[in-house]
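So the chains spell out like this:
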Amino acid sequence: MDVKNTDNSYGIIAKLFHNIMFVIILGMIFLGKYMHGLPSDTPEQMLYKMSWYNDHKSFGILILVLVVFRLGWRMANPVPKAPDSMSKIEILSAHAMHMLLYIIMFVQPLFGWLMSSYGGHPVKFFGLELPALADKDKAMSEFFHEAHEITAIILLLAFIVHAAAALFHYTFRRDGVFERMSFRTKKPD
Amino acid sequence: MKAYFLTILLLLSPVAYAQDMPWQMKDGESSINFSVIIEGIASDGEFTKFTADIIFDPVSLDQSRIDILIDLDHIESFYSDVAINLKKKNWFDVAQYPTARFVSNGFKHLGGKDYQVTGELTLRDVTRTETLYFTLTQYDAQQAEIKGRMVLSRLDYGVGQGGWRDVSSVASQVFMDVVVRAER
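Cut-offs applied
Residues numbered from 1 in each chain as written. Chains lettered and ligands numbered in written order. Predicted model: local features only at pLDDT ≥ 70, side-chain atom pairs only at ≥ 80, totals over all residues. Pairing = 2+ DSSP bridges. Helix = DSSP H or I, 4+ residues; strand = E, 2+ residues; numbered from the N terminus. Contact = placed C-beta atoms within 7 Å. Axes fitted to C-alpha atoms, helices over the stretch in contact; angles between N-to-C directions. Parallel < 35°, antiparallel > 145°, perpendicular 65-115°, else oblique. Left-handed = near helix turned anticlockwise from the far one by under 90°. Nonpolar A, V, L, I, M, F, W, Y, C, P; charged D, E, K, R; others polar.

*Asks:* Can you explain the pairing of strand S9 (residues 126–139) of chain B? Please cite residues and give values.
*Replies:* All names here are of chain B. As paired strands, strand S8 (residues 114–123) and S9 are joined by 10 bridges and run antiparallel to one another. Paired with Glu120 across the bridge in S9 is Thr129. The turn joining S8 and S9, which pair antiparallel and follow one another in sequence, is formed by two residues; a positive phi near 50° is taken by Arg124. In this sheet, strand S10 (residues 143–153) lies alongside S9 in antiparallel orientation, the contact comprising seven bridges. Each bridged residue has a counterpart across the sheet, and for Tyr133 the counterpart in S10 is Arg149. Between S9 and S10, which follow one another and run antiparallel, lie three residues.

*Asks:* Give a description of the environment of Phe59 of chain A that names residues and reports values.
*Replies:* Take Phe59 of chain A: it is sitting in helix H2 (residues 43–75). Residue contacts for Phe59 of chain A: discarding those within four places in its chain leaves Ile24 and Met28 of chain A.

*Asks:* Explain the packing of helix H1 (residues 12–36) of chain A against H2 of chain A residue by residue, including any values.
*Replies:* A pair of packed helices is characterised by two quantities: the angle between their axes and the separation of those axes. All names here are of chain A. Following both chains from N to C, one finds H1 and H2 inclined at 155°, their axes separated by 10 Å at the closest point. It follows that H1 is roughly antiparallel to H2 by the angle criterion. H2 is crossed by H1, and the crossing has left-handed handedness. Counting all contacts with H1, which are made through Ile13, Ala14, Phe17, Met21, Ile24, Ile25, Met28, Leu31, Gly32 and Met35, the residues of H2 involved are Lys49, Trp52, Tyr53, His56, Phe59, Gly60, Leu62, Ile63, Leu66, Arg70 and Trp73. Here the contact of H1 with H2 is built from residues that sort into 16 nonpolar, three polar and two charged.

Set out below in structure tokens:
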């Protein structure tokens, strides 16, 4: 298996980016939902809740860093070609979905960071305090809180469509599109 | 020049203007914000519903009075947990004590545009004397605005019971930032 992408398949680096980010992002969406609903009726409960918020922020910054490197890597590599059996519309919608996923993966953590900064709350990357992106502003903080939740929903929906398309290629088309991003080899006919 | 004119006008009229003309607070331009350190981070919120009865005249401070009534059921905060918790039994206990009240008992000019007003603050079942330091940012015949700050200790009023007495979690010192804009 190649480290770099080829015309037929993604390389090891691209696959690692894909799978690691998949696990972190999906976990983050559910963690976001979970921690938001945690009670804080006692100081202990509040500390517990805040510790999850800190973890959520750390992994959010990690995603932001990863997506920048991932995009850089994608640009420095050939993108595997779509099989001839795919129609123009299918190829176009696949590209549009990939573009959407990249945009959301970038803005989602950025909105979270802005929401914290506008709210006057520090963002730490596993303990290392990062600069605030903006001065305190309650209305702006609320705006980005909403935006952060909305992009999470869009991301989840986009992910479902993306995964469904991949499984469609795997089970029905059997055109090797799924296997390009997999560590598995294509099932023999 | 305007100040001289006003002074002369006031000297010429010994009638107590202050008593005759109460100020009407402008809701949308008045605010009471609070700030407290929670786990080392300044966290803040706002009391969004309150009324103020104001009689104020910088040249007759002994006649001036202010009575602020805060509806504790209307609180907003950046972290929604703060607003939700504050209404509960361990904090303001809104079901039992729905309002907070500040009734002045004396104004004092500190120099320039700076003043202080001491008064009785009632929170839960405790009444204590507190001081609001404020700047008279605007004052003319129809419009007046004050911007002030009161620093108080929540534990003096039993706000934050049980485990919440721990000041390493939530600091005792609370900063109240008050803006009152009024017209008459």
